[in-house]
Amino acid sequence: MVILTLNCGSSSIKYSVYDAAAKRFVCKGLVDRVGLNCSTLNHAVDGGVVKLERSCPDHRAAVEMVLEVLCEGKDAVLKDPSHIKGVGHRVVHGGEKFHKSAQITPELLAAVEEVSELAPLHNPPNLSGIRAAQHHLPAMPHVAVFDTAFHQTMPPPSFIYALPYEWYEKYDIRRYGFHGTSHLYVSRRAAVVLGRPLDALKLVTLHIGNGASAAAISEGKSVDTSMGFTPLEGLVMGTRCGSIDPAIPQFVEEHEKVGWEAMDHTLNKRSGLLGITGKFSDRREIQKAAGEGDRRCQLAIDIETRVLRKYVGAYAAAMGGLDAVVFTAGVGENSAMIRERVLSGMEFLGITLDAQRNAKAVGGKSEDVISTGDSTVKALVIPTNEELVIAEDTLAILEGRLDKPGFRYSFE
Ligand code: ADP
């Protein structure tokens, strides 16, 4: 059984083909600059990487290009598109309706459209990608896998804001949380690595990429997370501010005579690490400059890691205990320095980092325990695999297994 996964952004499509029998991805790729004159496709197969250029004015043209590269030429991985048995789509926002992945029907599309207002940058391109894929692959089932679904287990004290309650009732204003497939994946792998049942564990998972979020996971369920109504809240991110005093934007709007749109752009695209350093959002550049003595880059690292530490402590307190802290995504998987800054001096919580193991855990290839053997709370590095969750959810829906009691992923 072969599953195609698609993650459609406004100007890009990430795709992969999963062979369920062999339990492996046979290729992964990315189409960039969709909607512009010269789109590029990078297609990674076992033999290497193929690059193509073509004009893709919209998602429909881009999906057509993907299907061509999958089925034609010397790097084809499929004989023809009919070999694809299902398509799994990443959908950022499922609102309160979707607690798990679901087969795409006209009703589901209408429901996703309804919550698009809550994710105006993400849901519209997700929907346009779904429609494009349905156009080219009308005969097979399509499945929506929501970033928000995993966090739907949060209890009301975690998701209700201290705002007029009728805003929740009228406008669905609440914490939703994002990066759900990543937090789900690494929490389940953590149980395997620790050799303990998931339902006996209290975990803090830290997904630190350009976007970043923390989750408190108790007995396998998300009970709190740092991103909120939108992906702007919480940790310090590459260009997003994370949590700030909500009075600040209005103060600056009045002083600088800027409108709400410009402020929204600043909070999402010109804040976070870029805002603090004034020049970089990429951690590698920040760490290099900090090492060379750049004070603002040093400050950015101090702030980023301090906020991460606060979430570890807060979630341990909120859960009433902690068994492991899990690092994942670009920074979490690669930066021993950031991990060390987050967890050093946490022996009082039971965490003792092993400096050598931490230094070796880079490259995003292996799952590593980076705490000492006698550390009562473990620290782990687990490379995330959101595509695998999308592929396995799609497969489980096609086979009618997702809703069955005791459903488990193959990676658990
Ligand atoms: P996203 O998927 O949110 O775009 P990623 O998970 O790919 O982000 O993470 C991107 C971040 O990871 C960038 O800030 C990048 O600098 C950082 N990163 C990647 N490799 C390293 C490394 N070796 N050391 C430090 N940071 C790294």
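Residues numbered from 1 in each chain as written. Predicted model: local features only at pLDDT ≥ 70, side-chain atom pairs only at ≥ 80, totals over all residues. Heavy atoms only, no water.

> Would you take a moment to explain helix H8 (residues 260-269) for this structure?
The α-helix winds at 3.6 residues per turn, so residues separated by three or four positions along the chain end up facing the same way. Every buried residue of H8 is listed here: Met263, Leu267 and Asn268. Buried residues of H8, seen end-on, are gathered within an arc of 125° and therefore sit on one face of the element. Buried positions along H8 lie against helix H7 (248-256). (Buried < 20%, exposed > 50% of the residue type's maximum accessible area, 1.4 Å probe, protein only. Helix = DSSP H or I, 4+ residues; strand = E, 2+ residues; numbered from the N terminus. Arc of directions from axis to C-beta. Contact = heavy atoms within 4.5 Å.)

> I keep staring at the packing of aromatic side chains and nothing clicks. Help me out?
In this description, a pair of aromatic rings is defined by centroid distance and the angle of the planes. Scanning the model with the defined rule gives nine aromatic pairs in all. Note on Phe98 and Phe146: the rings are 4.4 Å apart at their centroids and 15° apart in plane angle, and the pair reads as stacked. Of the two residues, Phe98 is situated in the loop between strand E6 (84-91) and strand E7 (102-103) and Phe146 in strand E8 (residues 142-146); the sequence distance between them amounts to 48 residues. Residue classification places Phe98 among the buried residues on the basis of a relative accessible area of 12%. Centre to centre, the rings of Phe407 and Tyr409 are 4.9 Å apart; their planes meet at 75°, and the pair counts as edge-to-face. Judged by its relative accessible area of 8%, Tyr409 falls in the buried class. Among the aromatic side chains, those forming a connected cluster through ring pairs are Tyr185, Phe407, Tyr409 and Phe411. Positioned above the aromatic ring of Phe25 is the side chain of Lys28, whose terminal nitrogen or guanidinium carbon lies 4.4 Å from the ring centre. The ring centre of Phe159 lies 3.6 Å from the NZ or CZ of Arg174, which sits over that ring. (Phe/Tyr/Trp six-rings, centres within 6.5 Å; stacked < 30°, edge-to-face > 60°. Lys NZ or Arg CZ within 6 Å of the ring centre and 35° of its normal.)

> Can you help me understand the pairing of strand E3 (residues 24-32) in this one?
For a regular strand, side-chain orientation follows a simple rule: the groups alternate between the two sheet faces. In this structure, strand E2 (residues 13-19) lies alongside E3, joined through seven bridges in antiparallel fashion. If you follow Tyr15 over to E3, its bridge partner there is Gly29. In this antiparallel pair of consecutive strands, E2 and E3, the connection spans four residues, and Lys23 shows a positive phi of 55°. Examined bridge by bridge, E3 and strand E4 (residues 39-45) share six bridges and lie antiparallel to one another. (Pairing = 2+ DSSP bridges.)

> Even after reading the chapter, I still don't get the site of the ligand, so can you show me in this structure?
The environment of the ligand is formed by Gly209, Asn210, Gly211, Asp282, Arg283, Arg284, Gln287, Ala329, Gly330, Val331, Asn334 and Ser335. Take Arg284: an N or O atom from its main chain is 3.4 Å from an oxygen atom of the ligand. Between the ligand and Gly330 there is a distance of 2.9 Å, counted from an oxygen atom to a backbone nitrogen or oxygen. Compared with its free state, where it exposes 590 Å², the ligand has 70% of that area covered by protein. Counting residues per element, the ones that place at least two in the shell around the ligand are helix H10 (283-291) and helix H12 (329-334). (Near = heavy atom within 4 Å. Polar contact = N/O pair within 3.5 Å; in protein donor to acceptor, adjacent residues only side chain to side chain. Areas by Shrake-Rupley, 256 points an atom, 1.4 Å probe, with all protein chains shown as cover.)

> Just checking my understanding: could you explain the pattern of salt bridges for this structure?
It is possible for side chains bearing opposite charge to pair when their charged atoms get close. On inspection of all chains with the given rule, the structure shows 20 salt bridges. A salt bridge links Glu68 to Arg54; the shortest N-O distance between them is 2.7 Å. With a gap of 14 residues between them, Glu68 in helix H1 (residues 59-71) and Arg54 in strand E5 (residues 48-54) connect regions that are remote in the sequence. Residue class for Arg54 comes out partly exposed when judged on its relative accessible area of 32%. Connected through shared salt-bridge partners, Arg175, Asp224 and Glu233 make up one network. (Salt bridge = Lys/Arg side-chain N within 4 Å of Asp/Glu carboxyl O.)

> Is there a simple way to think about the sheet that holds E2 in this case?
Hydrogen bonds between backbone atoms are what pair the strands of a sheet, whose relative direction is either parallel or antiparallel. If you walk across this open sheet you meet the eight strands as E5-E4-E3-E2-E1-E6-E8-E7, and the pairing is mixed. Looking at strand neighbours, the two that pair on one side only are E5 and E7, the edges of this open sheet. The pairing of E7 with E8 spans two bridges and is classified as antiparallel. Of the residues in E8, the one forming a bridge with Ala102 is Ala144.

> What is the right way to look at the nonpolar core in this model?
Note that soluble globular proteins tend to have their nonpolar side chains buried in a common cluster. Judged by nonpolar contacts, the single largest core of 46 residues is most densely connected at Leu206, Val312, Leu322, Val325, Phe327, Val342 and Leu343. Listing elements by their share of this core, those giving two or more residues are strand E9 (202-208), strand E10 (212-218), helix H9 (272-277), H10, helix H11 (295-319), strand E12 (324-328), helix H13 (336-343) and strand E14 (378-381). Considering each element in turn, this core owes the most residues, ten residues, to H11. Counting 30 residues, the second-largest nonpolar core is a separate cluster that includes Tyr15, Cys56, Val69 and Val87. (Core = buried A, V, L, I, M, F, W, Y, C linked by side-chain atoms within 4.5 Å.)

> Is there a simple way to explain unusual backbone geometry in this structure?
Apart from glycine, the bulk of residues carry a negative phi angle, and the bulk of peptide bonds sit in the trans form. With phi around 55°, Lys23 is a residue other than glycine that occupies positive phi space. If you check the backbone angles, Glu219 has positive phi at about 55° while not being a glycine.

> Which parts of the structure should I look at to understand the sheet that holds E9?
Reading across the sheet, the six strands line up as E11-E10-E9-E12-E14-E13 and stay open at both edges, with mixed pairing between neighbours. Looking at the sheet topology across the chains shown, the edges are occupied by strand E11 (221-225) and strand E13 (368-369). Here E9 pairs with E12 via five bridges, running parallel. Bridging from a neighbouring strand, His207 pairs with Thr328 of E12. Packed onto the sheet, helix H6 (residues 180-194) meets E9, E10, E12, E13 and E14 and runs at close to 130° relative to E9. Where H13 meets the sheet, its contacts fall on E9, E12 and E14, and the angle it forms with E12 comes to roughly 155°. (Axes fitted to C-alpha atoms, helices over the stretch in contact; angles between N-to-C directions.)

> Quick question: what am I supposed to make of a nonpolar patch on the surface here?
Together, Leu163, Trp167 and Tyr171 line one region of the surface with nonpolar side chains, adding up to about 310 Å² of accessible area. Here Leu163 shows up in the loop between helix H4 (156-159) and helix H5 (165-171). A relative accessible area of 39% places Leu163 in the partly exposed class. (Patch = residues over 30% accessible without salt bridge, like charges linked within 9 Å, V, L, I, M, F, W, Y side chains within 5 Å.)

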